[in-house]
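This is what each chain is made of:
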There are 2 protein chains.
Amino acid sequence: MVEWECPTKPREASGLDPEAVHLRMDPGSRSKMVPPEDSPYEDSWAGDESVGSGGIGEVRETTHPDFSVGDIVVGRLRWADYDVLTDDDDLEEVDLDSAPIRSKLHVLGHTGRVAYVGMTEIADLQEGETVVVSSAAGSVGSIASQIARIYDCRVIGIAGADDKIDYLVNELGIDEGINYKATDDIQSELAEICPNSVDVYYDNVGGEISDAVMNEMNTHGRIVQCGRIALINAEGGDRPTGPRHEGLYIKKRLRREGFVVDDHEELYPEAESKLEEWYTNDQLHHRETIVEGLENTPDAFIGLFEGDDIGKTLVEVSKPPGERND
Amino acid sequence: MVEWECPTKPREASGLDPEAVHLRMDPGSRSKMVPPEDSPYEDSWAGDESVGSGGIGEVRETTHPDFSVGDIVVGRLRWADYDVLTDDDDLEEVDLDSAPIRSKLHVLGHTGRVAYVGMTEIADLQEGETVVVSSAAGSVGSIASQIARIYDCRVIGIAGADDKIDYLVNELGIDEGINYKATDDIQSELAEICPNSVDVYYDNVGGEISDAVMNEMNTHGRIVQCGRIALINAEGGDRPTGPRHEGLYIKKRLRREGFVVDDHEELYPEAESKLEEWYTNDQLHHRETIVEGLENTPDAFIGLFEGDDIGKTLVEVSKPPGERND
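Labelled according to an unreviewed UniProt entry, chain A appears under the name NADP-dependent oxidoreductase, originating from Halococcus dombrowskii.

Okay, here's the thing in structure tokens:
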């Protein structure tokens, strides 16, 4: 049972008033739905402000010199049919000619940057390494997996459904997939698939899947803690327990590092340039799961934690330009 | 009940035959007393070879061109009253004039290098940071704590006895000490002592003490996994469990890294030069716990895990030159 009321009133009067077209659903937003002191993000939603996330909108009214009515913009929008923004909100006009506009909400936007920074800067990925990605058919996971493939790495994706494994192997060209729901022993499967162990683990889930991968890490392996979707709903209560890995860190000289992409803005130009190059060269694919109607936003968000979707889940609040019947 | 027989036969005929003077007791040796596949070290002792560790010896017989009878050498020696070494064994002659010879077994030797590499290379310690060291009165811990003090950091040492805290604060000049056996709530004590949180945690113990420190880490904090003395005897059986920290890694952008100093030989000249400079300038102190008699080696080793000692525990197999009555 979800209680959520679509807000319909602007936050305050302002000069830029975009109508929402698409809203991006991110599991990381769950971490903002907590008291500020428990959130990794500065813009926690503990107050009575409405929830928001990345979105695409069309400018309806504006007195801002950089924008005109009809501009398509991408930035942080409320989960609402429109928002009222100020100069401080970081809005960017979308070039409709360069790529499908929704790509700015995933592969050519925030999601792509997360995968790029995590794989290149945090993991320090090297060509030819063995890489495991958890939640590999998800939005960040599928881009992270493909970046590793572009680096000529051997890539193993972990996901929770056969259609996801099929997508990873047959559409994205990932080397191997493990359906964790169809095995009792992820570690043994990994050991068989990766006789040379795992150099980089791009972790989006945490919990027992990650324990299994930890046990198969190679010497000097790196674990990128990008998400912990298996644990995120347990936070605030007693913290879940698991096996201690202190000995493994020493034995294998492992490095685990958590990151939030906002800390790495200096890498955005490089990330965007690389992602656009790969996307244009057809080396990087991305699937969308579109949920129609603002009123379905809470269900779309909760679905992220139930493993429903492949690729990026977007809520379509209204049809984008070019897909309208009017 | 310890079963251990002092070996008295040489391993094989060779050209260099030193008599042991001192043997260094390292908790890390525990990790070699396991099957090779479970050891972080290449020279695991799963076979029937006798146990060894760093030691100081006096050359009794030699056909090696670089050594003469009577030379004092430091290197890896068996836990025995003499050893027979080959060209492959990495022995170094000790300069008796430069420092007390036993310092080559700790502050100016392996122990000092471990602390130096862990603090500078792995932690990337910066001046003025807040640093916590566990097992801070131990051999590596006390040097790591003093290096942080030399870097003008605020240093908090965790140890298990009031005399150790007294040693840390009043002899070594560490800012604060926490006796973990005298508190029910290490985390609250830390929070009070470190209102700005912990930038670097130099971890020698693992387990519950480390959980407490993890919860007080600052954004972009680094955890150096140097040892895990609280857990090391549990390895091989079911791995101990503890709270999962995946969420903390992201929220605080933490980095944890395990290391084995042997991987960083390129830093040894720098480490030795710095350690010798600090030692000569009286900025670096080190206490020894001397256990007399080869037959007491097993008890001396086991004592490491019972928190008996301050500083480096050495077994004195025979008196060193200068301390002999003959």
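Next comes the rest of the description.
Undergrad: Please clarify how the overall build of chain A should be interpreted in this entry.
TA: Assigned secondary structure in chain A consists of 8 helices and 13 strands. Counting only residues that meet the buried cut, chain A has 56% of its 326 residues in that class. A separation of at least 24 residues holds for 67% of the contacts in chain A among residues at least 6 apart in sequence. For chain A, the accessible surface area stands at approximately 14200 Å², while carbon and sulfur atoms represent 41% of it.

Undergrad: Sorry, what's going on with the pairing of strand E13 (residues 312-316) of chain A here?
TA: Along any regular strand the residues' side chains alternate between the sheet's two faces. Residues and elements named next belong to chain A. For E13, the tally of buried residues reaches 5 of 5 residues, placing the bulk of the element in the interior. Covered by surrounding structure in E13 are Lys-312, Leu-314 and Glu-316 together with Thr-313 and Val-315, the residues of both alternating faces. Pairing of strand E12 (residues 288-292) with E13 involves 5 bridges; the strand directions are parallel. When the sheet's bridge partners are listed, Val-291 is paired in E13 with Val-315.

Undergrad: Help me understand the interface of chain B and chain A, please; the structure alone is not making it clear to me.
TA: Size of an interface: often given as the accessible area lost when the parts come together. Each side of the interface is counted separately: chain B has 38 residues, and chain A has 38 residues. On the chain B side of the contact with chain A, Arg-239, Arg-244 and Ile-250 of chain B bury the most area, a combined 25% of that side's loss. The residue Asp-211 of chain A makes a salt bridge to Arg-244 of chain B at a minimum N-O spacing of 2.6 Å. Between the two partners, chain B and chain A, sit 18 residue pairs in polar contact (both at pLDDT 80 or more). For the side of chain B that touches chain A, the secondary-structure elements that each account for two or more residues are helix H5 (207-214), strand E9 (217-225), strand E10 (241-243), helix H6 (246-251) and strand E11 (255-258) of chain B. The leading source of residues in the side of chain B that touches chain A is H6 of chain B, at 6 residues.

Undergrad: Is there a simple way to think about the sheet that holds strand E7 (residues 176-179) of chain B in this case?
TA: Hydrogen bonding along the main chain pairs the strands of a sheet, whether they run parallel or antiparallel. With respect to topology, 12 strands assemble into an open sheet ordered E7(A)-E6(A)-E5(A)-E8(A)-E9(A)-E11(A)-E11(B)-E9(B)-E8(B)-E5(B)-E6(B)-E7(B), the strand pairing being mixed. A single partner strand is all that each edge strand has here, and the edge strands are strand E7 (176-179) of chain A together with E7 of chain B. For this sheet the average axis-to-axis angle between neighbouring strands, irrespective of direction, equals 15°. Pairing of strand E5 (residues 130-134) of chain A with strand E8 (residues 198-203) of chain A involves 3 bridges; the strand directions are parallel. Paired with Val-131 of chain A across the strands is Val-200 of chain A, a residue of E8 of chain A. Contacts between helix H5 (residues 207-214) of chain A and the sheet are confined to E5, strand E6 (154-159), E8, strand E9 (217-225) and strand E11 (255-258) of chain A, with E8 of chain A contributing the most and set at about 170° to the helix. Packed onto the sheet, helix H4 (residues 186-193) of chain B meets strand E5 (130-134), strand E6 (154-159) and E7 of chain B and runs at close to 170° relative to E7 of chain B.

Undergrad: Honestly, the relation of the copies chain B and chain A in this entry has me stumped. Any pointers?
TA: Both copies of the chain are related through a single rotation about an axis accompanied by a shift along the same axis. With an axial shift of 0.0 Å and an RMSD of 0.0 Å, the rotation relating chain B to chain A amounts to 180°. Taken together, the rotation angle and the small translation identify this as a two-fold axis. The share of interface residues of chain B whose copies in chain A are also at the interface is 100%, consistent with both copies meeting through the same surface.

Undergrad: Any chance you could explain the pattern of salt bridges here in plain terms?
TA: Where charged atoms from two side chains of opposite charge approach closely, those side chains can pair. In the structure shown here, the tally under the stated rule is 32 salt bridges over all chains. A salt bridge links Arg-60 of chain A to Glu-19 of chain A; the shortest N-O distance between them is 2.9 Å. One end of the pair, Arg-60 of chain A, is in strand E2 (residues 52-62); the other, Glu-19 of chain A, is in strand E1 (residues 16-24), and 41 residues separate them in sequence. Judged by its relative accessible area of 40%, Arg-60 of chain A is partly exposed. On the basis of relative accessibility, which here comes to 24%, the residue Glu-19 of chain A falls in the partly exposed class. In this structure, the salt-bridge partner of Arg-244 of chain B is Glu-246 of chain B, at a minimum N-O distance of 3.4 Å. On the basis of relative accessible area, Glu-246 of chain B is assigned to the buried category, the value being 6%. One salt-bridge network, in which partners are shared between bridges, spans Arg-24, Asp-26 and Lys-312 of chain A.

Undergrad: Help me understand the confidence of the model for chain A in this model?
TA: The predicted coordinates of low-pLDDT regions are not to be read in fine detail. Averaged over chain A, the pLDDT score is 87; the fraction of residues at 70 or greater is 89%. This stretch, residues 6-14 of chain A, has a pLDDT under 50; its non-local contacts, to residues over four places away or in other chains, come to 25 contacts.

Undergrad: Looking at this model, I keep getting lost on the environment of Arg-222 of chain A. Mind explaining?
TA: Residues and elements named next belong to chain A. Tracing the backbone shows Arg-222 in strand E9. Once residues within four sequence positions are removed from consideration, Arg-222 is found in contact with Ala-123, Asp-124, Leu-125, Gln-126, Glu-129, Asp-199, Val-200, Tyr-201, Met-217 and Arg-255. Separated by 3.4 Å, the side chain of Arg-222 and the backbone oxygen of His-220 make a polar contact.

Undergrad: What's the story with empty space enclosed by the protein in this structure? I'm lost.
TA: It is the rolling of a water-molecule-sized probe over the atoms that shows where space remains empty. Taken as a whole and assessed by the stated rule, the structure comprises 1 cavity of 30 Å³ or more. Of the pockets and cavities examined, the largest cavity occupies roughly 260 Å³. As for the largest cavity, its lining consists of 18 residues, of which Pro-243 and His-245 of chain A together with Pro-243, Arg-244 and His-245 of chain B are closest to the centre. Secondary structure elements with two or more residues in the lining of the largest cavity: H5, strand E10 (241-243) and helix H6 (246-251) of chain A together with H5, E10 and H6 of chain B.

Undergrad: Whenever I open this one, the packing of aromatic side chains confuses me. Can you help?
TA: Any aromatic ring pair is given by two values, namely how distant the centres are and how the planes are angled relative to each other. Under the definition given, this model contains 6 aromatic pairs over all chains. For the ring pair Phe-301 of chain A and Phe-305 of chain A, a centre distance of 5.4 Å and an interplane angle of 75° mean the geometry is edge-to-face. Positioned above the aromatic ring of Tyr-268 of chain B is the side chain of Arg-113 of chain B, whose terminal nitrogen or guanidinium carbon lies 4.3 Å from the ring centre. Its end group placed over the ring of Tyr-249 of chain A, Arg-256 of chain B keeps NZ or CZ at 5.5 Å from the ring centre.

Undergrad: Would you mind going over unusual backbone geometry with me for this structure?
TA: One can expect most non-glycine residues to show negative phi and most peptide bonds to be in trans. Residues and elements named next belong to chain A. With a phi close to 70°, Ser-197 is a non-glycine residue in the positive phi region. You can see Ser-197 is positioned in the loop between helix H4 (186-193) and E8. Unusually for a residue other than glycine, His-220 sits at a positive phi of about 65°. With respect to the helices, strands and loops of the structure, His-220 is situated in strand E9. A relative accessible area of 43% means that His-220 is categorised as partly exposed.

Undergrad: Where do I start with the environment of Arg-102 of chain B in this structure?
TA: Residue and element names in this part refer to chain B. Topologically, Arg-102 is positioned in the loop between strand E4 (92-93) and helix H1 (110-122). Arg-102 sits in the buried class, given a relative accessible area of 17%. The spacing of Arg-102 and Lys-312 is 210 residues in sequence and 9.9 Å in space, taken between C-alpha atoms. Not counting residues up to four positions away in its chain, the partners in contact with Arg-102 are His-22, Ile-56, Glu-288, Ile-290, Leu-314, Glu-316, Pro-320 and Glu-323.

Conventions adopted
Residues numbered from 1 in each chain as written. Chains lettered and ligands numbered in written order. Predicted model: local features only at pLDDT ≥ 70, side-chain atom pairs only at ≥ 80, totals over all residues. Heavy atoms only, no water. Helix = DSSP H or I, 4+ residues; strand = E, 2+ residues; numbered from the N terminus. Buried < 20%, exposed > 50% of the residue type's maximum accessible area, 1.4 Å probe, protein only. Contact = heavy atoms within 4.5 Å. Areas by Shrake-Rupley, 256 points an atom, 1.4 Å probe, with all protein chains shown as cover. Pairing = 2+ DSSP bridges. Buried area = accessible area lost by both parts, 1.4 Å probe. Salt bridge = Lys/Arg side-chain N within 4 Å of Asp/Glu carboxyl O. Polar contact = N/O pair within 3.5 Å; in protein donor to acceptor, adjacent residues only side chain to side chain. Axes fitted to C-alpha atoms, helices over the stretch in contact; angles between N-to-C directions. Least-squares fit on C-alpha atoms with pLDDT ≥ 70 in both. pLDDT = per-residue confidence, 0-100. 1 Å grid on protein atoms, 1.4 Å probe; cavity = no way out; pocket = protein on both sides within 12 Å on 5 of 7 lines; lining within 4 Å. Points joined across faces, edges and corners; volume = space filled by probe spheres on them. Phe/Tyr/Trp six-rings, centres within 6.5 Å; stacked < 30°, edge-to-face > 60°. Lys NZ or Arg CZ within 6 Å of the ring centre and 35° of its normal.

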